[in-house]
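Breakdown of the fold
Take a look at the letters that make up each chain.
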Amino acid sequence: IKMCGLLGIILKDKKLYNKSSFIKSLDCINHRGPDFQNHIEYEKNNYKIFFGHTRLSILDTSFLGNQPMYSDSKRYLIIFNGEIYNHIKIRKIIESKVKIKWKSNSDTETLVNFIENFDIDYVLKSLSGMFSFVVYDFKEEKLFLTRDIAGEKPLYLSLNENYIVISSDLKPFKYLKFFNNEIDQFAVKNYLKLNYIPSPYTIYQNTFKIKSSTLINIDLKKYQFKKFTNFEHLGGDNSINIIKWWDLKKINKNKNIHIEHNQILNDIENLLENSTKEQLISDVPVGIFLSGGIDSTFVLSQVAKHKSNIDTFNIGFDFSEYDESNDSKKISEIFKTKHHHHICSKHDALKMIDNINEAFSEPF
């Protein structure tokens, strides 16, 4: 599970908040990134910015991959959660345009310099990966925030008369003394109907989940701090631009094309193999959660084409109706993996009940 924690705060009143308060907020998402934690403060005439990050090290585990991170010219500052699988290819694209002396092997450095040298729309459409990130442009005083195509990496945005807060989790919001924690009644209605709260809503008023493959650009030179009770109202503000940079509905479809059934199967298998292969790039050990079902077994079969001595992991149960551990063990024996197996007993499950809600920032 690859994840980091990010927290960005833009304040209208510089006296409203201080460094110690920010660090307390950042500490509550340290479990997302226990390897390193840092923050940066920046002050302009009419606002103050805090950018904080908690890191889970995957690519270049040295201090050179730590965040927040500046671009080569220091025009851009990024906080980033996720992984860019094709970042080596992207480095070659950047090098074809500018001479750059790379300081690290991290995909964060690749990403922030890609943004510095190319149009943001081209950047987003070129990325293969899972990500959410926030970028500040010091020259134009603009803020960019976005999520990947599937919305795999979370990103939340809250706005009112005093602040803009962006985070990879809702938990830090609760630690901000100035945060408006009033419950959104429309979100509650959705929750009671669907058993979850759909994007762009959250359980809190004026606080939103950024939708997948959505880019929000905020011009801080024009921005007037105010409440937004509805996500759609954001797009009507002349200082905020919302772009859906990838949309399945807009992909051209040639209805006259005919592809044989076997060709479709081969194409899908090749795509899945290449996708799986991309995700094996890591400077730390990579393993597979193996239930023994179709999905995880197929992923293992693709990984086995490119990697040996694979670690697989399975949680079994001592109540048979939920236990898949025998299937998992059989598959691991077929692929000769190093299998890690743990049985969760009824007693273990009862002990965990009180802590399960801690995994969720809102009703689910």
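So, a few notes on the structure that sits alongside this text. Values in this document were obtained by computation on a predicted structure and should not be read as measured data.

1. Points about the environment of K249
Relative to the assigned elements, K249 resides in the loop between β12 (240-244) and α8 (261-278). On the basis of relative accessibility, which here comes to 77%, the residue K249 falls in the exposed class. It is 14 Å that separates the C-alpha atoms of K249 and T214, two residues lying 35 residues apart in sequence.

2. Observations concerning a nonpolar patch on the surface
Residues L194, Y196, L350, M352, I353, I356, F360 and F364 make up a contiguous nonpolar surface patch of roughly 810 Å² in combined accessible area. Tallying contributions element by element places helix α11 (residues 346-356) first for the nonpolar patch, with 4 residues. Here M352 lies in helix α11.

3. So, the pattern of salt bridges
Per the stated rule, a full pass over the model turns up 11 salt bridges. D169 is the salt-bridge partner of K171, the closest N and O atoms lying 4.0 Å from each other. Looking at D169, the relative accessible area reads 7%, which means it is buried.

4. Points about the sheet that holds strand β15 (residues 338-344)
The strand order across the open sheet formed by 3 strands is β13-β14-β15, and the pairing between neighbours is parallel. Pairing within the sheet leaves two strands with one partner each, and these edge strands are β13 (287-289) and β15. Strand-to-strand twist of the sheet, defined as the mean angle between neighbouring strand axes without regard to direction, takes the value 25°. Pairing of strand β14 (residues 311-317) with β15 involves 7 bridges; the strand directions are parallel. Across the sheet, the residue bridging to G316 is I343, located in β15. The strands touched by helix α10 (residues 325-335) within the sheet are β14 and β15, with β15 carrying the most contacts at an inclination of about 175°.

5. Thoughts on unusual backbone geometry
Between Q67 and P68 the backbone carries a cis peptide bond, its omega angle lying at 0°. Here P68 is to be found in the loop between β3 (48-55) and β4 (69-70). The amide bond that connects S199 to the next residue, P200, takes the cis arrangement and shows omega of 5°. Mapping P200 onto the fold places it in the loop between α6 (185-194) and β10 (207-209). Although it is not a glycine, D60 sits at a positive phi angle of roughly 55°. Position of D60 relative to the elements: it lies in the loop between β3 and β4. By relative accessible area, D60 is classed as buried at 9%. Positive phi, normally seen in glycine, also occurs at N195, with a value near 75°.

6. A look at the nonpolar core
In terms of nonpolar packing, the biggest core is built from 29 residues, with L145 and I164 touching the most fellow members. Leaving out residues up to four positions away in the same chain, L145 has contacts with F133, V134, L155, L157, I166, I210, T214, L215, I216 and I218. Judged by nonpolar contacts, the second largest core, of 24 residues, contains I94, W102, F133 and W245.

7. Here we look at the packing of aromatic side chains
If you walk through the whole model with that rule in mind, you get 19 aromatic pairs. A centroid spacing of 5.2 Å and a plane angle of 90° characterise the contact between F179 and Y204, whose relative ring orientation is edge-to-face. Residue F179 is located in the loop between α5 (171-174) and α6, and its partner Y204 is located in the loop between α6 and β10; the two are separated by 25 residues in the primary sequence. You'll find F179 and Y204 in the same group, each marked buried. In this structure an aromatic cluster arises from ring pairing among Y42, Y70, Y136 and F138. Positioned over the ring face of Y70 is K74, at 5.7 Å from the centre of the ring.

8. Re the sheet that holds β12
Taken in spatial order, the 6 strands make up an open sheet running β4-β5-β6-β7-β11-β12, and their pairing is antiparallel. Since the sheet does not close on itself, it has two edges, and those belong to β4 and β12, each with one partner. Note that strand β6 (residues 129-137) and strand β7 (residues 142-147) share 6 bridges and pair antiparallel. Note that in β7 the partner of D137 across the bridge is K142. Its contacts with the sheet place helix α3 (residues 107-117) against β4, β5 (76-84) and β6, and it is angled at close to 125° to β5.

Criteria and thresholds
Along each chain, the written sequence defines residue order, and numbers are assigned to residues from 1. This being a predicted model, a pLDDT of at least 70 is required before a residue's local features are given, and a value of 80 or more before pairs of side-chain atoms are given or counted; all residues contribute to the totals for chains, interfaces and linings. Derived side-chain values reflect all non-hydrogen atoms in the structure, with water molecules and hydrogen atoms excluded from consideration. By definition, any uninterrupted DSSP run of H or I lasting at least four residues is a helix, any uninterrupted run of E lasting at least two residues is a strand, and each is numbered from the N terminus. With a 1.4 Å probe rolled over the protein chains alone, any residue whose accessible area is under 20% of its type maximum counts as buried; one over 50% counts as exposed, and the rest are partly exposed. Without a salt bridge and with relative accessible area above 30%, a residue can belong to a patch; like charges are then joined within 9 Å and nonpolar side chains (Val, Leu, Ile, Met, Phe, Trp, Tyr) within 5 Å. Only the protein chains shown count as cover for residues, and all accessible areas are computed by the Shrake-Rupley method using a 1.4 Å probe. Any Lys or Arg side-chain nitrogen found within 4 Å of a carboxyl oxygen on Asp or Glu counts as a salt bridge. Any two strands with at least two DSSP-identified bridges between them are counted as paired. The axes are straight lines fitted to the C-alpha atoms, using for helices just the contacting stretch, and the angles between their N-to-C directions are given from 0 to 180°. Any pair of residues with heavy atoms lying within 4.5 Å of one another is described as a contacting pair. Residues grouped as a nonpolar core are buried Ala, Val, Leu, Ile, Met, Phe, Trp, Tyr and Cys residues, joined through side-chain atoms within 4.5 Å. Aromatic rings from Phe, Tyr and Trp, taking only the six-membered ring of Trp, are treated as a pair when their centres fall within 6.5 Å; an angle between ring planes under 30 degrees marks them as stacked, one over 60 as edge-to-face, and anything in between as tilted. Sitting over a ring, as applied to charges here, requires NZ of Lys or CZ of Arg to be within 6 Å of the ring centre and within 35 degrees of the ring normal.

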